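Results of the structural survey
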Amino acid sequence: MFKKFIFLFIVLSVQHFYIQLEAKKNTDPIMGAYVSEFDNSQPNLAYAPFDKVNFYWLAFANPVIDENNHAHMEWQTPPFADNGPEIIKLVHSKNPTAPIFISNLVYTSGPCTAFNQAAEDPLFPETLVNFLKQYSGVSGYDLDVEYPDCHVAKMIASIAPVLHANHLQLSL
């Protein structure tokens, strides 16, 4: 049953992506960009081609385990937590229909351990939704997992239904 769910989820995700491609086929090319870890002192933000990019991934926020062994989300670096709402407003002022995803990054065993614990934590999906909803205009959550020992399928099974029930998307 679990494998069927994952297979169906992947098929629906790919189908959703191709529907979006078809919708854009006769208009603008699809372009995506990571917006990562900067603060107001970086002048390139003013010159970013937000009107030309169709998909954004804001990087990086990861699951962190607290003293009660429950997972919550934290920005990898503080500047985005301070400037995130302004960045989202800027993106939407230039391209109001562009989806914006908050992305995690798991590339070593340390973040993978917290990621795996979050996948097992029954409270994490709602915690993730609450984190995402702090940022008006965010479309969903992006799983950027590059470490082989992470339980990606468990995480998808855990968070996908709750994200979708809250009208949020999952990007892989």
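Notes on the structure follow. (Residues numbered from 1 in each chain as written. Predicted model: local features only at pLDDT ≥ 70, side-chain atom pairs only at ≥ 80, totals over all residues. Heavy atoms only, no water.)

Our next topic: unusual backbone geometry. One non-glycine residue, N69, lies in the positive phi region at around 65°. Along the polypeptide, N69 turns up in the loop between strand 3 (61-65) and strand 4 (71-75). Non-glycine residue H167 carries a positive phi angle of around 60°. Mapped onto the secondary structure, H167 falls in the loop between helix 6 (152-165) and strand 7 (169-171). (Helix = DSSP H or I, 4+ residues; strand = E, 2+ residues; numbered from the N terminus.)

For helix 6, with 14 residues, the first-to-last C-alpha span of 20 Å sits near the 20 Å given by 1.5 Å per residue. I159 marks the point of greatest bend in helix 6, at about 35°, and the proline P161 comes within the next four residues. Burial in helix 6 covers these residues: M155, I156, S158, I159, A160, V162 and L163. Two residues or fewer past helix 6, H167 is found with a positive phi of approximately 60°. (Expected span 1.5 Å × (residues − 1). Bend = angle between axes of the 7 residues up to and from the residue. Buried < 20%, exposed > 50% of the residue type's maximum accessible area, 1.4 Å probe, protein only.)

Turning to the nonpolar core, a few remarks are in order. One finds L132, Y141, I159 and L163 to be the most contacted residues of the largest nonpolar core, which totals 37 residues. Elements that contribute at least two residues to this core include exactly strand 2 (55-59), strand 4, helix 3 (78-94), strand 5 (100-103), helix 4 (109-120), helix 5 (124-133) and helix 6. With six residues, helix 6 is the largest single contributor of residues to this core. Not counting the four nearest positions on each side in its chain, L132 is found in contact with I102, V138, G140, Y141, L163 and L168. (Core = buried A, V, L, I, M, F, W, Y, C linked by side-chain atoms within 4.5 Å. Contact = heavy atoms within 4.5 Å.)

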